[in-house]
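Examining the three-dimensional arrangement
Each chain, letter by letter, is given below.
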Amino acid sequence: MKLKFQYLALTAATMLLASCGGGGSEEKTAADSAAKPAETAAAAAAPAAAGAASAAAPTADSTDTLDGAKLASVTPDAAHGKQIFMQCKTCHAVEAGKNMIGPSLAGIIGRAAGTVTGFNYSAANKNSGITWSEEKLFQYLEKPMRVVPGTKMAFAGLPKAQDRADVIAYLKAPN
């Protein structure tokens with residue numbers, strides 16, 4: 001039973017790190033190159049799906065959310081935001097200059113997307129034209145891949161408006 005638990009814990013940790021979209025190796029192994037026909041067909045269909053996702057992506061200045069919530073309609077709680085941010089700490093730090101799997105989030109409000117020194121961003125993020133206002137972060141945190149299709153950040157998002165507002169309040173003053 002103990003061995004099974006250790007295996008599950010290791011598998012979960014590996015999947016978590018892989019899903020964050022960090023800067024792993026770009027080299028392909030022989031196993032990666034030997035794709036099955038079904039996988040090859042799925043890969044061929046991926047550009048079409050990405051194009052459809054891009055068409056649905058909001059503009060850089062849009063802050064419309066899927067749930068219709070507005071940041072101004074929620075009273076943020078930075079202390080609760082710190083608790084919610086615990087799930088983000090696997091990939092992000094709030095200390096300036098501390099890049100991890102994801103970039104440092106220190107000073108994110110008012111910063112142009114894809115500009116943290118020393119972090120290797122996806123082209124989608126670098127070329128998004130986004131400046132991270134509180135409202136844009138509120139939209140992004142709901143469903144990151146909707147706002148920046150092609151981002152390396154494989155986080156599903158925070159569906160609750162209150163949680164998003166709380167994380168933003170924490171990021172503004174993480175101490």
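Above: the structure in question.
Calculation criteria
Residues numbered from 1 in each chain as written. Predicted model: local features only at pLDDT ≥ 70, side-chain atom pairs only at ≥ 80, totals over all residues. Heavy atoms only, no water. Helix = DSSP H or I, 4+ residues; strand = E, 2+ residues; numbered from the N terminus. Buried < 20%, exposed > 50% of the residue type's maximum accessible area, 1.4 Å probe, protein only. Polar contact = N/O pair within 3.5 Å; in protein donor to acceptor, adjacent residues only side chain to side chain. Salt bridge = Lys/Arg side-chain N within 4 Å of Asp/Glu carboxyl O.

A closer look at the environment of K152
As for its position among the elements, K152 is in the loop between α7 (144–147) and α8 (161–172). On the basis of relative accessible area, K152 is assigned to the partly exposed category, the value being 25%. Separated by 50 residues in sequence, K152 and G102 place their C-alpha atoms 8.9 Å apart. At a separation of 2.3 Å, a polar atom in the side chain of K152 contacts the main-chain carbonyl oxygen of N120.

Digging into the pattern of salt bridges
Evaluated as defined, the whole model comprises 3 salt bridges. The closest approach of N and O atoms between R164 and D67, which form a salt bridge, is 3.2 Å. Here the residue R164 occupies a position in helix α8, and D67 occupies one in the loop between α3 (37–56) and α4 (78–85), the gap between them amounting to 97 residues. According to the relative accessible area criterion, R164 is buried, its value standing at 0%. Taking the relative accessible area as the measure of exposure, D67 reaches 39% and is therefore partly exposed. Put simply, E134 and K172 hold a salt bridge, and the shortest N to O gap is 3.4 Å. One end of the pair, E134, is in helix α6 (residues 134–142); the other, K172, is in helix α8, with 38 residues separating them in the sequence. With relative accessibility at 25%, the residue E134 sits in the partly exposed group.

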